[in-house]
Amino acid sequence: MYMKDEEYLQVYLYRRVVNAKLFIDSHYAEAIDLDNITNEAHFSKFHFIRLFRKIYGKTPYQYVTTVRIEKAMQLLRSGISVSDVCYQVGFESISSFSGLFKRIAGIAPSAYSSRQRALQDRVAKEPLGFVPGCFAGKNGWAKKQFSRNDPA
């Protein structure tokens with residue numbers, strides 16, 4: 001069975017937008033801008049922005065920012081300094097990075113990093129505190145296993 005011309009066009013356009021998204025995912029740490037992204041998709045800027053937002057619910061700029069902040073969160077969890085993370089994910093200014101990070105994550109990057117280190121310390125000291133009791137009991141990891149007949 002053959003695709004109708006309209007369906008084929010939709011699939012073709014969708015693939016071009018997906019390729020542009022994959023370009024962002026691969027090059028988020030570089031100095032990419034809308035020209036780079038639209039060149040990858042072979043669209044005019046305004047047409048591309050409309051299609052990208054329709055498909056992903058964000059503008060390309062919002063998506064780049066989101067990807068950078070998510071990668072920054074991963075790096076901060078691994079113990080890398082805020083300034084190093086800032087430049088590794090493609091920001092040129094620590095103040096703009098910190099402001100965007102706080103707006104998206106709800107917390108400053110330095111505070112996020114501190115919380116993550118504290119959480120990692122707690123997990124290292126009390127790993128069973130982070131395992132659901134039912135799972136720990138089922139596997140014999142809990143001090144006392146509870147049955148259905150035990151009083152609550």
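Just so it is clear, the structure is predicted and the values come from calculations on it, not from any experiment. (Residues numbered from 1 in each chain as written. Predicted model: local features only at pLDDT ≥ 70, side-chain atom pairs only at ≥ 80, totals over all residues. Heavy atoms only, no water.)

J.: Could you clarify how one ought to interpret the overall build of the chain in this entry?
T.: Scanning the chain from N- to C-terminus turns up eight helices and zero strands. Each helix and strand of the chain, ordered N terminal to C terminal, gives the series α-α-α-α-α-α-α-α. Counting only residues that meet the buried cut, the chain has 28% of its 152 residues in that class. In the chain, 44% of the contacts between residues at least 6 apart in sequence involve partners at least 24 apart. (Helix = DSSP H or I, 4+ residues; strand = E, 2+ residues; numbered from the N terminus. Buried < 20%, exposed > 50% of the residue type's maximum accessible area, 1.4 Å probe, protein only. Contact = heavy atoms within 4.5 Å.)

J.: Explain the environment of Leu 119 to me, please; I cannot follow it from the model alone.
T.: Following the sequence through the fold, Leu 119 ends up in helix H7 (residues 109–125). According to the relative accessible area criterion, Leu 119 is partly exposed, its value standing at 34%. With 42 residues separating them along the chain, Leu 119 and Arg 77 place their C-alpha atoms 9.7 Å apart.

J.: Explain the nonpolar core to me, please; I cannot follow it from the model alone.
T.: In globular proteins that are soluble, nonpolar side chains generally tend to be buried together. Counting residues in hydrophobic clusters, the biggest one holds 29 residues, and the most contacted among them are Ile 37, Phe 48, Phe 97 and Phe 101. Those elements giving two or more residues to this core turn out to be helix H1 (5–27), helix H2 (34–41), helix H3 (45–56), helix H4 (60–77), helix H5 (82–88) and helix H6 (94–105). With six residues, H4 is the largest single contributor of residues to this core. If we ignore the near neighbours within four places in the chain, the residues touching Ile 37 are Ala 20, Phe 23, Ile 24, Ile 32, Phe 48, Pro 60 and Val 64. (Core = buried A, V, L, I, M, F, W, Y, C linked by side-chain atoms within 4.5 Å.)

J.: Sorry, what's going on with the packing of H4 against H6 here?
T.: Geometry of a packed helix pair, given as the angle between the helix axes and the separation of the axes. Between H4 and H6, the least distance of the axes is 10 Å, while the angle of their chain directions is 90 degrees. Taken together, the axis directions place H4 and H6 in an arrangement best described as roughly perpendicular. Facing H4, whose interface residues are Tyr 61, Thr 65, Ile 69, Ala 72, Met 73 and Leu 76, H6 presents Phe 97, Leu 100, Phe 101, Ile 104 and Ala 105. Its residues assigned to classes, the contact of H4 with H6 comprises ten nonpolar, one polar and no charged. (Axes fitted to C-alpha atoms, helices over the stretch in contact; angles between N-to-C directions. Parallel < 35°, antiparallel > 145°, perpendicular 65-115°, else oblique. Nonpolar A, V, L, I, M, F, W, Y, C, P; charged D, E, K, R; others polar.)

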